[in-house]
Amino acid sequence: MKSYVGKQITLFQFIAIISGSQVSVAVLSLPKRLAEAADTDGWIALIIGWGLSLIAGLSIVHIMKFHPNGNLFDLLSEYIGKWAGKLAALLFALYFLYLMYDGLVRTILVTKTWLLPTTQSFILMPLLLIPAYSIVRHGIRNVARYAELVIWMSLWIPIIYLFTLKHAHWLYLLPIVKNGWMPVLAAVKSTIYPMLGMVEIFVIYPHLKYKQYAGKGIVIANSITALLYLFVTLTCYVYFSPEENKLYNDPVISVLKSIEFKFIERIEVPFIAFYLFIFSLIWVPTIYLVSFCTAWLFKQDSIIVPLRVLIISIAIGTYFYFPTYNVSTYLANTLNSVGFIAEYIFPICMLSFLWLSKLWRKERSSP
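From a predicted model like this one, the values you see are computed outputs, not experimental measurements.

*Asks:* Can you walk me through a nonpolar patch on the surface in this structure?
*Replies:* Residues Ile80, Trp83, Leu87, Leu90, Leu91, Leu94, Leu97 and Phe353 make up a contiguous nonpolar surface patch of about 740 Å² in total accessible area. Top contributing element to the nonpolar patch by residue count: helix 5 (residues 82-114), with six residues.

Here it is as structure tokens:
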């Protein structure tokens, strides 16, 4: 699993994987989550959240510079011991599995609500997993190319939202910081879940063709995500009244009901159908990452076996149990806390350890 020859990805593909994983399904409920904490000042929390995620992302890039030709597990094996590498591979496999399952569950629930209310979840799950398997089985380059293609295909979506602004009431945003800074700071917690996905760098960094631009890539990816969130959140805040923003579960979809064309009455229906491609940017890369971590753990050169086991297990498991909306909300809230530890606390602690370790080795080697 240590050969990266022929498996390199471009900087734009690197950005597409990170930003796509962050946006995916998290964007749907973001305006509501922010409004519940800080009313129409929630957009300010997004800017603070962007700054925090940027610090965490750049910390991860600096960590990987300590071992540019290997992943996090190789690095931990070298600095601490093989047991640390295996433990990290196991924990990150579970974390990526959590991200993947949350994305799949949210996608199926949204699909059943808006498109296919009578279709069973155990039928929809294989329909999502089979195309994902076809992409992932060919490795990280195919995953990266798919993420890049989806980003290019999605450039028309912000233009559609501009049509909703003819119903905008900009006075809804005033006064700014109407309830003080404490609600705004409290709302920053709600930005963690939508910003998750940066730890994918721990695995895909060795595949990046020009590693010297990784920091720039993180800045661009996080900024694209933050700008998109700001645009969508402000659109919802000026369209819905402050109270209505807290009522809709998926205001990003509900706001599309105001758009009517002569050739199509309900624009939100084809929108959701297309948005499945964007949703897939969370589960397609994480299916690869779960398979990769498992293969690394058992010293396998190919991800095919763990990939097939994963796909079949989820498809069969869905037949016996599938979460409801309430359980999905609980999963997302728990993921918010778990993700904060994995993607914000761990990188900063790890970087501090590596700096101290480097300093200690330097002092030991000095005469």
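*Asks:* Looking at this structure, how should I read helix 2 (residues 30-38)?
*Replies:* In an α-helix, one full turn covers 3.6 residues, which means residues spaced three or four apart are oriented alike. For helix 2, the buried fraction is high: seven of the nine residues fall into the buried class. Elements that come into contact with the buried residues of helix 2 comprise helix 3 (42-64), helix 9 (181-187), helix 11 (214-239), helix 12 (251-254) and helix 15 (325-365). Looking one or two residues beyond helix 2, the residue adopting positive phi is aspartate 39, at roughly 55°.

*Asks:* Help me understand the packing of helix 4 (residues 72-79) against helix 15, please; the structure alone is not making it clear to me.
*Replies:* A pair of packed helices is captured by two measures, namely the crossing angle of their axes and the spacing between those axes. The interhelical angle for the contact between helix 4 and helix 15, taken along N-to-C directions, is 40°, at an axis separation of 12 Å. What the angle tells us is that helix 4 and helix 15 run oblique. Two packed elements cross with a definite hand, and for helix 4 against helix 15 that hand is left-handed. From helix 4, Leu72, Leu75, Leu76, Glu78 and Tyr79 reach across to helix 15, where they touch Phe346, Met350, Leu354, Ser357 and Arg361. Class assignment for the residues of the contact of helix 4 with helix 15 results in seven nonpolar, one polar and two charged.

*Asks:* Would you take a moment to explain helix 1 (residues 11-23) for this structure?
*Replies:* Here helix 1 is 13 residues long and its end C-alpha atoms lie 18 Å apart, about the 18 Å a rise of 1.5 Å per residue gives. Most of helix 1 sits inside the fold, with 11 of its 13 residues counted as buried. Within the span of helix 1, buried status applies to Gln13, Phe14, Ile15, Ala16, Ile17, Ile18, Ser19, Gly20, Ser21, Gln22 and Val23. Structurally, helix 1 contributes buried residues whose contacts are with helix 7 (140-153), helix 10 (201-204), helix 11 and helix 13 (268-297).

*Asks:* What is the right way to read the nonpolar core from this model?
*Replies:* Counting 130 residues, the largest nonpolar core has Phe73, Phe92, Phe96, Tyr275, Trp283 and Ile287 as the members making the most contacts within it. Considering every element that reaches this core, the biggest residue donor is helix 13, with 18 residues. Among all residues touching tyrosine 275, those that are not within four sequence positions of it are Val23, Ser24, Val27, Leu28 and Ile157.

*Asks:* Looking at this structure, how should I read the packing of aromatic side chains?
*Replies:* Centre distance and the angle of the planes are the two values used to describe a pair of aromatic rings. As enumerated under the stated definition, the model contains 19 aromatic pairs in all. The interplanar angle of 55° and the centroid separation of 6.3 Å between the aromatic rings of phenylalanine 73 and phenylalanine 92 together place this pair among those described as tilted. Taken together, the residues phenylalanine 73 in helix 4 and phenylalanine 92 in helix 5 connect sequence positions 19 residues apart. Exposure class is identical for phenylalanine 73 and phenylalanine 92. Each is buried. Seen in terms of ring centroids, phenylalanine 340 and tyrosine 344 are 5.6 Å apart; in terms of plane orientation they differ by 25°. Their pairing is stacked. Separated by four residues within a single helix, phenylalanine 340 and tyrosine 344 lie in helix 15, roughly one turn from each other. Using a relative accessible area of 7% as the deciding quantity, one classes tyrosine 344 as buried. Members of the aromatic cluster, connected to one another through ring pairs, are Phe73, Phe92, Tyr95, Phe96, Phe202, Trp296 and Phe346.

*Asks:* Looking at this model, I keep getting lost on unusual backbone geometry. Mind explaining?
*Replies:* With the exception of glycine, the majority of residues adopt a negative phi angle, and the majority of peptide bonds are in the trans configuration. Each neighbour pair has its own omega, and for leucine 174 with proline 175 the value is -10°, a cis peptide bond. The residue serine 24 is not glycine, and still its phi comes out positive at about 25°. The backbone of lysine 299 sits at a positive phi, close to 55°, despite the residue not being glycine. Within the secondary structure, lysine 299 is located in the loop between helix 13 and helix 14 (304-320).

*Asks:* I would appreciate a short explanation of the pattern of salt bridges in the present structure.
*Replies:* For side chains bearing opposite charge, pairing can occur when the charged atoms are close. Applying the stated rule across the entire model yields three salt bridges. Measuring nitrogen to oxygen at the nearest pair gives 3.9 Å for the salt bridge that ties lysine 32 to glutamate 36. Taken together, the residues lysine 32 and glutamate 36, both in helix 2 and four residues apart, mark about one turn of the helix. Note that aspartate 41 is salt-bridged to lysine 178, the shortest N-O span being 4.0 Å.

*Asks:* In this structure, what is going on with the state of the cysteines? I would like to understand it.
*Replies:* Two cysteines joined by a covalent bond between their sulfur atoms form a disulfide. All chains considered together, the criterion is met by zero disulfides. Cysteine cysteine 349 remains unbridged, with the sulfur of cysteine 293 as its closest cysteine sulfur at 20 Å. When its relative accessible area of 46% is taken as the criterion, cysteine 349 is described as partly exposed.

*Asks:* Looking at this structure, how should I read the environment of phenylalanine 14?
*Replies:* With respect to the element layout, phenylalanine 14 can be found in helix 1. Sequence spacing of phenylalanine 14 and serine 291 is 277 residues, and the spatial spacing of their C-alpha atoms is 19 Å. Other than its neighbours up to four places away in sequence, phenylalanine 14 contacts Ile9, Ile201, Ile204, Leu208, Ala214, Gly217 and Ile218.

So, how was this worked out
- Residues numbered from 1 in each chain as written.
- Predicted model: local features only at pLDDT ≥ 70, side-chain atom pairs only at ≥ 80, totals over all residues.
- Heavy atoms only, no water.
- Patch = residues over 30% accessible without salt bridge, like charges linked within 9 Å, V, L, I, M, F, W, Y side chains within 5 Å.
- Areas by Shrake-Rupley, 256 points an atom, 1.4 Å probe, with all protein chains shown as cover.
- Salt bridge = Lys/Arg side-chain N within 4 Å of Asp/Glu carboxyl O.
- Helix = DSSP H or I, 4+ residues; strand = E, 2+ residues; numbered from the N terminus.
- Buried < 20%, exposed > 50% of the residue type's maximum accessible area, 1.4 Å probe, protein only.
- Contact = heavy atoms within 4.5 Å.
- Axes fitted to C-alpha atoms, helices over the stretch in contact; angles between N-to-C directions.
- Parallel < 35°, antiparallel > 145°, perpendicular 65-115°, else oblique.
- Left-handed = near helix turned anticlockwise from the far one by under 90°.
- Nonpolar A, V, L, I, M, F, W, Y, C, P; charged D, E, K, R; others polar.
- Expected span 1.5 Å × (residues − 1).
- Core = buried A, V, L, I, M, F, W, Y, C linked by side-chain atoms within 4.5 Å.
- Phe/Tyr/Trp six-rings, centres within 6.5 Å; stacked < 30°, edge-to-face > 60°.
- Disulfide = S-S within 2.5 Å.

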